[in-house]
Amino acid sequence: MALGLRNVGEDERNGDGNPILDADDGEELMHVQPGVSVALGNRAADSSSGTLFISTKRVVWLSDVDRSKGYGVDFVSVSLHAVSRDPEAYSSPCIYCQIDRGDDADEESDGSDSECDGDLDLSKVSEMRLIPSDPNQLDNLFNIFCECAALNPEPGEEAEEENGWIFGDEQMNEATEGEDASEWCFSEDLANPIGHANGGHDLAHSVLEVRMLWLWIPNCYMFRG
């Protein structure tokens, strides 16, 4: 299974224009969301709207205008996803995804546009934003992301403590720059969890059993598998 973002061309669509699923690997379609724009790296959102397909294995965005244009990423490569409604972080409410490009990726290009002769090098893209035309769909999309991410743990993954979070948005980096992680404020309201953890546990179980941390910042909540 390849790491990172990749093209999904016309030859990977069926007659209805939907992505061809890998039935032999047990891939099933979980959700279809029309009217979604995509923004890769530091680029502006794609001018053409598309349709978002979420399967048990991957996330696929396909252009509604150009059948040759599409992007896909396996859930094992989505190291973090979040809902962002803060206009200072991004101009439109969106699902933010941080993408693992593999150990051989050039760290100097992390988070950049990484263009080659005017074309975007998808192997260098580490951030993707999915922008639904209806922001009210964000919470539902986030929950589906969490459910499918839980179905795709990293190979050999073991429960371990994380020393901190990796923030994809520049503004988030600035907000925590120079601060000690011990001074960050974490939500301790376990009666009102701010997300979902692998296996459908609530936040209290997540902290105690899996030792997964949920970081709260204004208008944004995150999930990291």
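Below or above, wherever it landed, is the structure these notes cover. Here the structure is a predicted model, which is why all the values come from computation and not from measurement.

The next point concerns the overall build of the protein. Each helix and strand in the protein was counted, giving 3 helices and 12 strands. Taken over 225 residues, the protein has a buried fraction of 44%. Restricting to contacts in the protein with at least 6 residues of sequence separation, those with at least 24 account for 66%.

What follows is about the side chain of Asn-152. With respect to the element layout, Asn-152 can be found in the loop between α1 (138-150) and α2 (170-176). Here Asn-152 falls in the buried class, since its relative accessible area comes to 9%. Looking at Asn-152, its side chain comes within polar contact range of the main-chain oxygen of Cys-148, at 2.8 Å. Other than its neighbours up to four places away in sequence, Asn-152 contacts Thr-56, Lys-57, Phe-75 and Val-76.

With that settled, the discussion passes to the pairing of strand β7 (residues 94-99). Regular strands show a simple pattern: their side chains alternate between the two faces of the sheet. Within β7, 6 of the 6 residues are buried, leaving the element largely enclosed by the surrounding structure. With burial as the criterion, each face of β7 is covered, one bearing Cys-94, Tyr-96 and Gln-98 and the other bearing Ile-95, Cys-97 and Ile-99.

All right, on to the nonpolar core then. Membership of the largest hydrophobic core comes to 29 residues, with the highest contact counts inside it found for Leu-5, Leu-40, Ile-54, Ile-95, Met-128, Leu-130 and Phe-145. Of all the secondary-structure elements, those providing two or more residues to this core are β2 (29-40), β3 (50-55), β4 (58-63), β5 (70-74), β6 (78-84), β7, β10 (127-132) and α1. Looking at this core element by element, the count peaks at 8 residues for α1. Those residues in contact with Ile-54, other than ones at most four positions away along the chain, are Leu-29, Met-30, His-31, Phe-75, Leu-141, Ile-144, Phe-145 and Cys-148.

Cut-off values and rules
Residues numbered from 1 in each chain as written. Predicted model: local features only at pLDDT ≥ 70, side-chain atom pairs only at ≥ 80, totals over all residues. Heavy atoms only, no water. Helix = DSSP H or I, 4+ residues; strand = E, 2+ residues; numbered from the N terminus. Buried < 20%, exposed > 50% of the residue type's maximum accessible area, 1.4 Å probe, protein only. Contact = heavy atoms within 4.5 Å. Polar contact = N/O pair within 3.5 Å; in protein donor to acceptor, adjacent residues only side chain to side chain. Core = buried A, V, L, I, M, F, W, Y, C linked by side-chain atoms within 4.5 Å.

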